[in-house]
Each structure stands twice: as C-alpha cells, then as structure tokens.
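Working through the structure, step by step
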Amino acid sequence: MTLITDIRLRRVLDSRGNATVEADVLTESGGFGRGKAPSGASTGEYEAIELPAQEAIANARDDALPRLVGEVHAGNQRDVDAALRAADGSDDFSEIGANSAVAISMAAAKAGADVLGAPLFQHLGGTFRGNEYPTPLGNIIGGGEHAADATNIQEFLAAPVGAPSVEDAVFANAAVHQEVHDILAERDLPAGKGDEGAWAPSVSDDEAFEIMNEAVETVADDFGFAITFGLDVAGAELYDDDEGGYVYDDGVKSTEEQIEYIAEKVEEYDLVYVEDPLDENDYEAFADLTDRVGDQTLVCGDDLFVTNVERLEAGIAAGAGNSILIKPNQIGTLTDAVDAIELATRNGYESVVSHRSGETEDTTIAHLAVATDAPFIKTGAVGGERTAKLNELIRIEDNAV
Ligand SMILES: O=C(O)[C@@H](CO)OP(=O)(O)O
Ligand SMILES: [Mg+2]
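Per chain, residues are indexed from 1 in the order of the written sequence. Numbering of ligands from 1 and lettering of chains from A proceed in the order in which they are written. Local features in a predicted model are, by the rule used here, given only for residues with pLDDT of at least 70; side-chain atom pairs are given and counted only at 80 or more, and totals for whole chains, interfaces and linings are based on all residues. Only heavy atoms go into the side-chain values, all of them from the structure, while hydrogens and water stay out.

**Looking at the site of ligand 1**
Condition: Note on definitions. A residue lies near a molecule or strand when any single heavy atom of the residue is within 4 Å of it. Here a polar contact is recorded for every N or O atom pair within 3.5 Å, except that within protein the pair must consist of a potential hydrogen donor and a potential acceptor, and residues adjacent in sequence are included only if both atoms are side-chain atoms. The accessible surface values rely on the Shrake-Rupley method and a 1.4 Å probe; as for residues, cover is taken only from the protein chains in view. The residue classification treats Ala, Val, Leu, Ile, Met, Phe, Trp, Tyr, Cys and Pro as nonpolar and Asp, Glu, Lys and Arg as charged. All others, Gly included, are polar. In this document the domain limits rely on a domain assignment from an automatic tool or a database.
Neighbouring ligand 1 are 16 residues, the closest being A41, E155, E196, S357 and K378. E155 places a polar side-chain atom, nitrogen or oxygen, 2.7 Å from an oxygen atom of ligand 1. With respect to ligand 1, the side chain of D302 contributes an N or O atom lying 3.0 Å from an oxygen atom. In the complex, 100% of the free accessible area of ligand 1, which totals 310 Å², lies under the protein chains. Split into classes, the residues belonging to the shell around ligand 1 amount to two nonpolar, six polar and eight charged. Looking at the shell around ligand 1, you find at least three residues from each of domain 1 (4–117) and domain 2 (135–397).

Below, the structure written as structure tokens:
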C-alpha cells in the first residue's frame, strides 16, 4: 500500500528568499507527503552538503528516483533513507545534495503517515509517544551570522520551563519577544530583525543579557510561571585560530577565558541551555565546561555534533556536552536523525530538535520532537516559517492533527 509510485521535485522559496528543494511523494494507495529542505547560515564544518537547489533536484532525479519509485515503501523509513544513501554513495550527500535527501526523506515519512491515517509524530514515534511536549526555545535577540551589527552571541533564547502547556509556552515566548521590543524602544534602540525574526539591536552582549533577563522576568510575572533563558553562542563562528581565541567586539578571549565567561553567565543568569559555547573542533573544552556547569544547564553540541552519530560517539567518549542539537538537514535523513537521538538517549544526553535560520512552512520537526520525547525544540518565536512549527505543536497538543 505504501509503495512509492511517484516523486516530484521542485524549486521553491525559503524564508530568506533563496531557492530550496520541495519533494512530493505519492504512494500506490493514494498516500501523499510533501517535504521542504531548510538551510543554515552558520553551518558546521562537518555538515552534510547542500547543493544549489536546481543541481540537487537534477541529481536526485537522475540517481535517487530510480531507486525509490516502484521500489521502496514510504511506510518503511529505514528503506527509504537507505535507498537515498545508496543513490548518493558519498558520506555527506555531496552527490544528490542533503537538501534533496532531507526533502524526500520527510515527504516519504508524511506519505507513510498519510496511508496509515496517523499523525506524523505517531508514525515516527509509535503509539506510546505523544504525551510529552517539548518546551519551545524562542530566539528573541540575536546577531552573529544571522544579523549584521548586532550581538556577538548568535541567539538569546527564551525558555518557558514552567509553562503548563505548549500553548502557554508559545504565547509566553511571543510575549517576551514583544517585551524586548518595548524595552528597546524605551532605551531608544531601534532594531531590525535577524534571519529568524529575533531582534537584532546594536547593543553589547552584556546589554543583551540584561534586556533578556528583564524581559523574561516581566513576562514570567504576567503569565505566572517560570521563564528563563539560554544561548546559542555559535562558538565556531567566533573562534579564530590566527587570533588565538574567540573574537568579540571588545577583544579576544582565550579558550580558558571563554569557558570562564560562559560558566559565569550560567551562574549569573541561571541559564538553562547553552549551545555551541566553544569551537566545533574542541571536544576537550566542551568537556571542561560540561564538568563545570553540566549539572546546572544543558551544554548542547550543534556544530560540534552535526546530528552525526560518529561525532556524537566521540563526544560521549570525551564527556563533551550533555545534549545534542538535532537538525535533519545537517545529516540528510530522518533515519540518521533518529539514530543520533537514540544514541544520545542511551547515553544520558538530551536531544533538542531544531529549525535552521533559512526555513519553510514545513512542520516535520514539530512532529519529530514529539515523536522522540525531546525536552526542547528550537524553532524561533515569531514569523510565519517559525509559527508554522509552533502552531503545529499547539495542534498536536490539542489532538487536532
Ligand atoms: O546555529 C543554529 O543553531 C541555527 C539555527 O538557529 O542557525 P543556522 O541554521 O544558521 O545554522
Ligand atoms: Mg547553533
């Protein structure tokens, strides 16, 4: 019933106005699924390769479609993803493009769910999943590679950890976003928005910490539950070997100073989450920081692990971090992403499912987070391509998908 009978690929827009790959998967019994690839700006050195959309589409048509259409069942995700890997033949999807691979992988999963008449999270996670919902981490203030002339730290993320429901959490993050706007206006600090809809004011990182803290406290009082915050430092973007450390507007920090700086911020602001605080090649520094603050906060590897089981294994052996960011397009298929989550879970690492800075209205990651009991999902706070996922989480919680 779920035999794939057709796959259609096309070029569509992403949220930055760039071309990305959309895939439609059709099955024998009329099942249909559609997936769209997101795209990073602060990409990790070890990520799977995204090709220009037209090239990815042409290569996937030539190499992947013959191995899938009439050959593989959409309901069997491991078979679909193994066929994509075999068609590509490289380690990093550099032949058909991770953008084609992930779009087809997600479209097949949705077609499989469609045939079963089940919500995607249930198809991916099984019938015993779906009662736990992730806390959304909302990007509120940001800079780095996502906005010019703003903070050095890439993302300041609201974390409504005390919210009684996903719905309350989503609205709390939107309120923090609004509150930061008001604080910036009071301080006469006009701000545009970065790629993910976060405010991108021209302030120092210290001032951003202070503004975030004030905003989450105000909204927590209004909403009546705890809201804290976290960071995506995107340390690999700050690190410069030639400069001998992490380059901030006000100077360069050595690795030891960077560890000290982050540890101090974790203590001072009770941060619940710190992503990529250090360079993507420095397992040792990640391990040192995890030793210091790993019992107080999640130390999450994004560019460090790139959703890759081999890099996660190395991290586990080194004691680097206690959490992994999961981005399906970073590795190319849902199977690979779920394998990374399962390895993480077996080793006491938390998984945080994430969007990319370039996004689409695709909602797969909302389902993946619920399917895998992820404690957090990072998918922005406002903006249509971000609210697509947040609103889908509200629907999942409301049994409306
Ligand atoms: O660094 C990150 O975690 C992401 C998403 O916020 O950014 P990008 O997609 O640009 O890699
Ligand atoms: Mg990151």
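Next comes the rest of the account.
**Points about the pairing of strand β2 (residues 19–27)**
Rules: Relative accessibility thresholds used throughout: buried, under 20% of the residue-type maximum; exposed, over 50%; partly exposed, between the two (1.4 Å probe, protein chains only). Starting at the N terminus, helices and strands are each numbered in turn, a helix being any DSSP run of H or I of at least four residues and a strand any DSSP run of E of at least two. For two strands to be treated as a pair, DSSP must find at least two bridges joining them.
Across the nine residues that make up β2, a large majority, seven, are buried. Strand direction decides the pairing type here: strand β1 (residues 4–13) and β2, joined by nine bridges, are antiparallel. The residue of β2 that forms the bridge with R10 is E22. The antiparallel pairing of β1 with β2 creates a hairpin that spans five residues between the two strands, and G17 there sits at a positive phi of about 85°. Looking at chain direction, β2 and strand β3 (residues 32–36) are connected through five bridges and run antiparallel. Along β3, the bridge assignment pairs E22 with K36.

**Topic: helix α1 (residues 53–63)**
The α-helix advances 3.6 residues per turn, and as a result positions three or four apart in sequence lie on the same side. Rule in force here: In this context, the arc is that of the directions from the helix axis out to the C-beta atoms. The contact rule is simple, with two residues in contact once any of their heavy atoms fall within 4.5 Å.
Residues of α1 that are buried include every one of A53, A56, I57 and A60, and no others. One face of α1 carries all of its buried residues, which in axial projection span an arc of 100°. Check the buried side of α1 and you find it contacts β1, β2, α2 (65–68) and α4 (98–116).

**Points about the pairing of strand β15 (residues 350–354)**
On a regular strand, each side chain points to the face opposite its neighbour's, so the side chains alternate between the two faces of the sheet. Taking burial as the measure, the five residues of β15 include four buried ones, the bulk of the element. Summarising the sheet, β15 and strand β16 (residues 376–378) pair through three bridges and their orientation is parallel. Of the residues in β16, the one forming a bridge with V352 is F376.

**With respect to the sheet that holds strand β10 (residues 245–248)**
What counts here: Angles run from 0 to 180 degrees between N-to-C directions of axes, and those axes are lines fitted to C-alpha atoms, restricted for helices to the stretch in contact.
Ordered by their spatial adjacency, three strands build an open sheet running β9-β10-β11, and the pairing between neighbours is antiparallel. Two strands in the sheet have a free side with no partner beyond their single neighbour: β9 (239–240) and β11 (251–253). Examined bridge by bridge, β10 and β11 share three bridges and lie antiparallel to one another. Bridging from a neighbouring strand, V247 pairs with V252 of β11. Taken strand by strand, helix α9 (residues 255–269) contacts β9, β10 and β11, and its axis lies near 90° from that of β11.

**A look at the coordination of the magnesium ion (ligand 2)**
For clarity, the threshold we go by: Metal donors: N, O and S atoms at distances within 2.8 Å, or within 3.2 Å for Na, K and Ca, with water omitted from the atom set so that some sites may seem incomplete.
The magnesium ion (ligand 2) binds to the protein through D232 (OD), E275 (OE) and D302 (OD); the donor distances cover 2.0 to 2.2 Å. Counting gaps between the donor residues of the magnesium ion (ligand 2) yields the pattern D-x42-E-x26-D. Within this pair, whereas D232 is found in strand β8 (residues 228–232), its partner D302 is found in the loop between β13 (298–301) and α11 (309–318), the two being separated by 70 residues in sequence. Judged on exposure class, the residue D232 and its partner D302 are both buried.

**Observations concerning the UniProt feature "binding site: Mg(2+)" (unreviewed entry) in the chain**
Rule in force here: UniProt positions are given in the numbering used here, feature names are shortened, and annotations may be inferred rather than shown by experiment.
Feature annotation in UniProt places "binding site: Mg(2+)" (unreviewed entry) on D232, E275 and D302, given in this structure's numbering. These annotated residues cover 71 residues of sequence, but their C-alpha atoms sit close together, with the largest distance between any two at 9.0 Å. With residues near it in sequence (within four places) discarded, E275 still touches L231, D232, V233, A234, C300, D302, L325 and K378. In this structure D302 comes out as buried when scored by relative accessible area, which is 2%.

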